[in-house]
Amino acid sequence: MQGLVAQIISGLATGAIYALLVLGMNVMVLVRDIVHQGYANICMITMAVGWIVLNHSNENVILAIIVMFIVGTGLTAATEPLFRPLCKRGATLETIVLAMGVGIICTEIMSQFVNNGGNFAFPEKMRGGGVTLSVGLIKLSLANVITLVLAVVVAIILMRFMYHTQQGRAMRAMAGNLRVSRMLGIPFGRTGIIGFSIAGILSAFISLMLIMTIGTNGPSLGDNYATKSVVLMLFAGMGNLKGGLLSCLMMGLVETLALAYLPGSWTEVIFYGFMMGIIIWRPNGLFGAAK
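The rules behind the values
- Residues numbered from 1 in each chain as written.
- Predicted model: local features only at pLDDT ≥ 70, side-chain atom pairs only at ≥ 80, totals over all residues.
- Heavy atoms only, no water.
- Helix = DSSP H or I, 4+ residues; strand = E, 2+ residues; numbered from the N terminus.
- Buried < 20%, exposed > 50% of the residue type's maximum accessible area, 1.4 Å probe, protein only.
- Contact = heavy atoms within 4.5 Å.
- Areas by Shrake-Rupley, 256 points an atom, 1.4 Å probe, with all protein chains shown as cover.
- Expected span 1.5 Å × (residues − 1).
- Polar contact = N/O pair within 3.5 Å; in protein donor to acceptor, adjacent residues only side chain to side chain.
- Core = buried A, V, L, I, M, F, W, Y, C linked by side-chain atoms within 4.5 Å.
- Axes fitted to C-alpha atoms, helices over the stretch in contact; angles between N-to-C directions.
- Parallel < 35°, antiparallel > 145°, perpendicular 65-115°, else oblique.
- Left-handed = near helix turned anticlockwise from the far one by under 90°.

What follows deals with the overall build of the protein chain. Counting secondary structure elements, the protein chain contains 12 helices and four strands. For the protein chain, the proportion of its 291 residues judged to be buried stands at 48%. Taking the contacts inside the protein chain whose residues are at least 6 apart along the sequence as the reference set, 77% of them involve residues at least 24 apart. In the form shown here, the protein chain has an accessible surface area of approximately 13,300 Å², with 67% of it arising from carbon and sulfur atoms.

So, in structure tokens, the structure goes:
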């Protein structure tokens with residue numbers, strides 16, 4: 001029983017990372033109606049920059065975190081002008097190709113310039129110091145607890161912004177009807193940059209959470225998370241913020257419990273098989289698309 005509780009906490013922490021990934025991608029869906037597949041790769045670049053700063057600053061964690069937020073926000077926001085003309089023309093397929101191109105470029109940068117293309121690990125001080133918390137007979141990783149709490153706080157702040165502020169309502173209005181929202185005076189360019197910047201801030205939080213939970217990075221990791229985040233977004237429903245949050249927490253639990261209690265490599269089979277079944281059953285996602 002104690003092991004099950006620890007696995008549930010670990011699963012929720014994993015799901016929380018997926019949730020922030022999907023939330024960031026859904027924000028970009030709302031303001032530009034695109035599936036930014038390269039977003040996860042930007043998170044990996046952000047992690048890599050943090051690792052480089054740690055190595056060149058005598059493991060200055062505060063400096064590394066500050067630089068990660070600057071890089072994550074800047075890189076994500078810098079991709080918005082690339083998508084803007086395509087979104088104005090309604091060139092959906094072209095935006096998919098562009099997003100894939102961003103991901104490939106990020107992967108190649110890591111392959112060529114970071115640790116000679118090999119995987120690398122972060123120091124213990126960035127991973128909760130390897131501390132475990134004991135609650136009775138239950139032992140929990142401090143990193144997983146911090147990750148889960150941080151994700152909940154960030155998600156609540158984002159939801160409050162999107163549903164209770166004028167700018168958030170403007171972003172959701174663009175998802176409802178872009179032409180009408182522009183006629184009502186909602187600035188297309190500025191709203192898009194704000195949306196991408198919010199996704200960029202989320203990418204820095206995601207990077208920190210990945211450092212705490214898995215502690216390693218490499219060129220291939222971005223593609224793995226990119227695939228899962230796109231599938232999870234379709235699973236929940238395009239642009240559905242609340243549905244994406246709940247779906248990711250659920251799938252994090254499914255993945256972790258399958259990894260812990262099923263033999264062999266059944267984790268990926270169950271993860272993708274379950275989502276494929278839902279997508280076939282409900283093509284607009286389990287909770288429905290935002291539009």
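Spanning 18 residues, helix α3 (residues 61–78) covers 25 Å between terminal C-alpha atoms, matching the ideal 26 Å at 1.5 Å per step. Measuring from the side-chain oxygen of the N-cap residue of α3 to the backbone nitrogen of I62 gives 3.3 Å; that N-cap residue is N60.

In this section: the nonpolar core. Soluble globular proteins tend to pack their nonpolar side chains together in the buried interior. With 76 residues, the main nonpolar core has L20, L23, Y39, M44, I206, Y225 and L232 as its most contacted residues. No other element matches helix α1 (residues 2–32), which puts 14 residues into this core. Setting aside chain neighbours within four positions, we find M44 in contact with M110, L210, N217, L221, G222 and Y225.

Take E255: it is sitting in helix α11 (residues 241–261). Among the polar contacts listed, one links the side chain of E255 to the side chain of K228, at a separation of 2.5 Å. Apart from the residues within four sequence positions on either side, E255 is in contact with T14, Y18, K228, T267, E268 and F271.

One can find A204 in helix α9 (residues 188–213). For A204, the contacting residues outside a window of four places in its chain are T46, M68 and F69.

Helix packing for two helices is described by the angle between their axes and how far apart those axes are. It is the contact of helix α6 (residues 142–164) with α11, at a shortest axis distance of 11 Å, that shows an interaxial angle of 165 degrees. Taken together, the axes of α6 and α11 lie roughly antiparallel to each other. For α6 against α11, the interelement crossing comes out left-handed. Side by side, α6 and α11 meet where A155, M159, M162 and Y163 of the first sit next to L241, K242 and L245 of the second.

Time to look at unusual backbone geometry. Its identity as a non-glycine residue notwithstanding, E59 has a phi of 55 degrees, on the positive side. Position of E59 among the secondary structure elements: in the loop between α2 (39–56) and α3. We classify E59 as partly exposed; its relative accessible area is 34%. Non-glycine residue N116 carries a positive phi angle of around 55 degrees. Tracing the backbone through its elements, the reader meets N116 in the loop between α5 (92–113) and β1 (120–121).

Let's shift gears to helix α10 (residues 221–236). Between the first and last C-alpha of α10 there are 23 Å, a value that for 16 residues agrees with the 22 Å anticipated at 1.5 Å per step. Counted residue by residue, α10 has 12 buried out of 16 residues, so it is predominantly covered. Of the positions making up α10, those classed as buried are L221, G222, Y225, A226, K228, S229, V230, V231, L232, M233, F235 and A236. Directly beyond the C-terminal end of α10, a positive phi value near 125 degrees is found at G237.

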